[in-house]
Amino acid sequence: MDEKSQSPHRRWNPLRQSWVLVSPHRTQRPWQGEVGQKAAPSEVSYDPQCYLCPGNQRAGGAVNPVYDGIFSFVNDYAALLPDPPAPAAEPALPLLVAEPARGLCKVLCYHPDHSLTLARMTRAEIRPVVDAWTAEYEELGGLDWIEYVQIFENRGAMMGASNPHPHGQIWSTGFVPDEPAAETLAQREHLTGSGRCLLCNYLQTEHDAAVDQGRIVFENEHFAVLVPWWAVWPFEVLVISRRHAGSLPEFTSAERNGLADALRRLTTRYDNLFSTSFPYTMGFHQSPTDGQKHPEWHFHAHFYPPLLRSATVRKFMVGFEMLGMPQRDITPESAAERLRACSEEHFWPRV
Ligand SMILES: [Zn+2]
Ligand SMILES: [Zn+2]
Ligand SMILES: [Zn+2]
């Protein structure tokens, strides 16, 4: 890495149209090699107390079927409801604006085995999860009042996940939420201005710029996994489809396998980094389902993990980051280097 990238600088995030402050000199103290206790994954395949395990009763009273593959249901305590809301009263004051918000929140169990995670599932076990995400996107996005389908997963107590059972969520909304709305604008501007897709362009740039692989962690035939130039979280990763496609249903069967492969290999590297079940929020960004054409949209996944130096030391977004802008210490390049050094064999193999 050249000297310039070791002094404080800020980097532009073209996808979010915002800056991130990079302060690599703060990490020039020698690496402490601090490693947390190896955290064993849950060893129980079935937990009678888990509201997601097959055959168990949920807090709302419903009983899960004895499922043996994928299982999805409408969230018993949903943040959004599908019923048309009562029309909002005319705001009496121009700065106090509210709008009715409709949505549908679902939970998707990836596997009946309580002890598993994406990292410890095989590609063949993750493939049906990709198929289920695709079907949910099509079905929910097909509803005329749903404008966006947000598929995501919170992994680990550090990210507020209340249950270790392998599962994710799907919140579909009658409006396009702020993050994908901002990315829609940025991608549209880039397409209009350059005639090229922003993320196709960015991936090409990363290939051209790669010195000793640069920020690319690994690639398979269909997906690239990299620490983006503008990463905010220490080991933030962007998973980009190598072919231009706006959403899950556009992928071929081989590409769906490619996505399953990329997710397994990335999450395994994450777990191996600090020998722990690595916490993160991950989710897919894809074309809104608002009835408009979206040639600007390029499918990708964001992984936002909070861990910094060990299984127990986390990054906090406080102080200058709340009041000014996000800041990071280790460079995206050194984060990519460390992730590249991790094995794709899980440190805690299944028996
Ligand atoms: Zn469970
Ligand atoms: Zn593209
Ligand atoms: Zn995005």
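This text gives an overview of the structure that appears in the document.

What counts and what doesn't
- Sequence order sets the numbering: in each chain, residues are counted from 1 along the sequence as written.
- Chain letters start at A and ligand numbers start at 1, both assigned in the order the entries are written.
- Given that the model is predicted, a residue must reach a pLDDT of at least 70 before its local features are reported, and side-chain atom pairs must reach 80 or more before they are shown or counted; all residues, however, enter totals for whole chains, interfaces and linings.
- Excluding hydrogens and water, the side-chain values take into account all heavy atoms of the structure.
- Listed donors are limited to N, O and S atoms within 2.8 Å of the metal, widened to 3.2 Å for Na, K and Ca; water is not among them, so incomplete-looking sites are possible.
- Geometry is assigned from the angles between donors: four donors with all angles from 85 to 135 degrees make a tetrahedral site, four or six donors whose opposite pairs exceed 155 degrees while the rest stay between 65 and 115 make square planar or octahedral sites respectively, and everything else is labelled irregular.
- When accessible area is computed with a 1.4 Å probe and restricted to protein chains, residues below 20% of their type maximum are described as buried, those above 50% as exposed, and intermediate ones as partly exposed.
- We define a nonpolar core as any set of buried Ala, Val, Leu, Ile, Met, Phe, Trp, Tyr and Cys residues linked to one another through side-chain atoms lying within 4.5 Å.
- Pairing between strands requires that DSSP locate at least two bridges from one strand to the other.
- Secondary structure elements follow DSSP: runs of H or I of four or more residues count as helices, runs of E of two or more count as strands, with numbering from the N terminus.
- Here, axes are lines fitted to C-alpha atoms. For helices the fit covers the stretch in contact, and angles between N-to-C directions go from 0 to 180 degrees.
- What makes two residues a contact is simply this: any of their non-hydrogen atoms within 4.5 Å.
- Detection works on a 1 Å grid of protein atoms alone, calling trapped sets that fit a 1.4 Å probe cavities and calling open sets with protein on both sides within 12 Å along at least five of seven lines pockets, with lining residues defined by an atom within 4 Å of a point.
- Grid points are joined across faces, edges and corners, and a volume is the space filled by probe spheres set on the points.
- Note on residue categories: nonpolar means Ala, Val, Leu, Ile, Met, Phe, Trp, Tyr, Cys or Pro, charged means Asp, Glu, Lys or Arg, and polar means any other residue, Gly included.
- Crossings are sorted by hand: turned counterclockwise from the far helix by less than a right angle, the near helix makes the crossing left-handed, and turned clockwise it makes it right-handed.
- Take the number of residues in a helix, subtract one, and multiply by 1.5 Å to get its expected span.

With that settled, consider the coordination of the zinc ion (ligand 2). The coordination sphere of the zinc ion (ligand 2) contains the protein donors Cys 197 (SG), Cys 200 (SG), His 244 (ND1) and His 298 (ND1), at a distance range of 2.0 to 2.3 Å. Around the zinc ion (ligand 2) sit 4 donor atoms; with metal-centred angles ranging over 105 to 114°, the donor geometry is tetrahedral. Along the chain, the residues donating to the zinc ion (ligand 2) fall in the pattern C-x2-C-x43-H-x53-H. Residues Cys 197 and Cys 200 agree in their burial class; the two are buried.

Here we come to the nonpolar core. Within the largest apolar cluster, 52 residues are counted, with the highest numbers of intra-cluster contacts made by Trp 133, Val 239 and Phe 303. With 16 residues, the next largest nonpolar core counts Tyr 202, Leu 203, Ala 224 and Ile 240 among its residues.

To continue, consider the sheet that holds strand S6 (residues 167–173). Taken in spatial order, the 9 strands of this open sheet run S3-S4-S6-S5-S10-S11-S9-S8-S7, and their pairing is antiparallel. On the outer flanks of this sheet lie strand S3 (71–74) and strand S7 (216–219), each paired with one strand and no other. Neighbour-to-neighbour, the strand axes of this sheet turn through a mean angle of 20°, independent of strand direction. As judged from the 7 bridges shared by strand S4 (residues 103–109) and S6, these two strands associate in the antiparallel manner. Paired with Leu 104 across the two strands is Ser 172, which belongs to S6. Strands S3, S4, strand S5 (148–155), S6 and strand S10 (280–285) of the sheet are contacted by helix H1 (residues 123–142), whose axis makes an angle of about 165° with S4.

Now for empty space enclosed by the protein. Applying the stated criterion across every chain, the model contains 1 cavity of 30 Å³ or more. In this structure, the largest cavity spans a volume of roughly 40 Å³. Around the largest cavity, the lining residues are Thr 117, Leu 118, Ala 119, Arg 155, Thr 267, Asp 271, Ser 277, Phe 278 and Tyr 280. Here the residues of the lining of the largest cavity are counted per class, giving 4 nonpolar, 3 polar and 2 charged.

Relative to each other, H1 and helix H4 (residues 253–273) sit at 115°, their axes nearing to 8 Å. Remark: the crossing between H1 and H4 carries right-handed chirality. Judged by residue contacts, Arg 123, Ile 126, Arg 127, Val 130, Asp 131, Trp 133 and Thr 134 of H1 engage Ser 253, Arg 256, Asn 257, Leu 259, Ala 260, Asp 261, Leu 263 and Arg 264 from H4. Of the residues in the contact of H1 with H4, the class split is 6 nonpolar, 3 polar and 6 charged.

Now for unusual backbone geometry. For Gln 17, which is not glycine, the phi dihedral falls at a positive 55°. Among the structural elements, Gln 17 can be located in the loop between strand S1 (9–13) and strand S2 (18–22). The backbone phi angle of Ser 275 is positive, close to 50°, even though this residue is not glycine. Inspection of the secondary structure assignment puts Ser 275 in the loop between H4 and S10. A relative accessible area of 12% means that Ser 275 is categorised as buried.

Position of Glu 136 among the secondary structure elements: in helix H1. Taking relative accessible area as the criterion, Glu 136 reaches 7% and is therefore assigned buried. Spatially, the C-alpha atom of Glu 136 lies 36 Å from that of Val 318, the residues being 182 residues apart in sequence. Leaving out residues up to four positions away in the same chain, Glu 136 has contacts with Ser 72, Lys 106, Gly 141 and Ile 170.

Right, let's talk about helix H3 (residues 198–209) for a bit. One turn of an α-helix holds 3.6 residues; hence residues three or four places apart share an orientation. A rise of 1.5 Å per residue sets the reference length of H3, with its 12 residues, at 16 Å; its end C-alpha atoms lie 16 Å apart and thus fit the reference within 8%. Looking at H3, one finds that the buried residues are Leu 198, Leu 199, Cys 200, Asn 201, Tyr 202, Leu 203 and Glu 206. Lining the buried residues of H3 we find helix H2 (178–194), S7, strand S8 (223–226), strand S9 (237–241) and strand S11 (300–304).

This part is about the sheet that holds S2. On the basis of which strands lie adjacent, the open sheet formed by 3 strands has the order S1-S2-S12 and mixed pairing. A single partner strand is all that each edge strand has here, and the edge strands are S1 and strand S12 (327–328). Bridge analysis of S1 against S2 gives 5 bridges, and the strand direction is antiparallel. Residue Trp 12 lies in a different strand from S2, and its bridge partner there is Trp 19.

Attention now goes to the coordination of the zinc ion (ligand 1). Every protein donor of the zinc ion (ligand 1) is accounted for by Cys 50 (SG), Cys 53 (SG), His 114 (ND1) and His 165 (ND1), and the metal-donor separations fall at 2.0 to 2.3 Å. The site at the zinc ion (ligand 1) holds 4 donor atoms, and with the angles between them running 104 to 116°, its shape is tetrahedral. In the primary structure, the donors to the zinc ion (ligand 1) are separated according to the pattern C-x2-C-x60-H-x50-H. Of this pair, Cys 53 sits in the loop between S2 and S3 while His 114 sits in the loop between S4 and H1, placing them 61 residues apart in sequence. Given the relative accessible area of 0%, Cys 53 is considered buried. Among the residues examined, His 114 registers a relative accessible area of 4% and is labelled buried.

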